[in-house]
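Coordinates in review
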Amino acid sequence: DAEITQSPRHKITETGRQVTLACHQTWNHNNMFWYRQDLGHGLRLIHYSYGVQDTNKGEVSDGYSVSRSNTEDLPLTLESAASSQTSVYFCASSQDRSSYEQYFGPGTRLTVT
Amino acid sequence: AQSVTQPDIHITVSEGASLELRCNYSYGATPYLFWYVQSPGQGLQLLLKYFSGDTLVQGIKGFEAEFKRSQSSFNLRKPSVHWSDAAEYFCAVGDQGYGGSQGNLIFGKGTKLSVKP
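About the criteria used
Residues numbered from 1 in each chain as written. Chains lettered and ligands numbered in written order. Predicted model: local features only at pLDDT ≥ 70, side-chain atom pairs only at ≥ 80, totals over all residues. Heavy atoms only, no water. Contact = heavy atoms within 4.5 Å. Buried area = accessible area lost by both parts, 1.4 Å probe. Salt bridge = Lys/Arg side-chain N within 4 Å of Asp/Glu carboxyl O. Polar contact = N/O pair within 3.5 Å; in protein donor to acceptor, adjacent residues only side chain to side chain. Helix = DSSP H or I, 4+ residues; strand = E, 2+ residues; numbered from the N terminus. Buried < 20%, exposed > 50% of the residue type's maximum accessible area, 1.4 Å probe, protein only.

This part takes up the interface of chain B and chain A. Residue-level contacts link 25 residues of chain B with 21 residues of chain A. Around 1700 Å² of area is buried between chain B and chain A when both sides are counted, 50% of it from carbon and sulfur atoms. Ranking the residues of chain B by area buried against chain A places Leu 44, Gly 103 and Asn 104 of chain B at the top, with a combined share of 26%. At the junction of chain B with chain A, the criterion picks out one salt bridge. For Glu 101 of chain A, the salt bridge is made with Lys 49 of chain B, and the minimal N-O distance between the two is 2.5 Å. Joining chain B to chain A, the criterion identifies eight residue pairs in polar contact (both at pLDDT 80 or more). For the side of chain B that touches chain A, the secondary-structure elements that each account for two or more residues are strand E5 (33-38), strand E6 (44-50), strand E10 (87-94) and strand E11 (105-107) of chain B.

What follows is the structure, given as structure tokens:
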């Protein structure tokens, strides 16, 4: 069965370190998204991609970067982790820009100490 | 710009009671509407979606939602709640604007459902 996976599921890191969260989907979807979820804020879009070599900033992109070198993967990098980036991160994918329906991964809980 | 409002942050219902979760959207034309559920410690799962046609939409786990254009609403309902329905519920609208984010979803802030035994 097709799926979307995230790794690691839990991560503790120190302030200032570079961290990369992995997202891998086997749906063969064109679109991929990264969200963060924080109490009181719901889901906030960090970055998204509509295809290979395409990346776009979402509403909370500062301090994060992504790259899309193939269809299956969209890794999220925190260049220099900050305590404000402690959160739960979700990756999602959708078929294309006309389908809208997104499939979500299980999430990564990141703690920055 | 399109937006979604879920007026209730937290709702508690008794097991076996009926449930209605509210969702209001802002968009001039026919919206694409979604309800997702998030169980504790898990990702979001699609419950149901509305694109066009019959305004009463059936979803998984016994949920349904009704699109009411006159009220700009897409409320989620279930006739009898089970303890396993305790979760957070998110309403979303598809971004159909002409900007670079067409194809994305705009999420409400969620409603947390607690179920009393």
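The final tally for this structure, using the stated rule, is eight salt bridges over all chains. For Lys 78 of chain B, the salt bridge goes to Asp 85 of chain B, with nearest N and O atoms at 2.8 Å. Accessibility classification places Lys 78 of chain B together with Asp 85 of chain B in one group, the buried group. Through salt bridges with shared partners, a single ionic network connects Arg 36, Asp 38 and Arg 44 of chain A.

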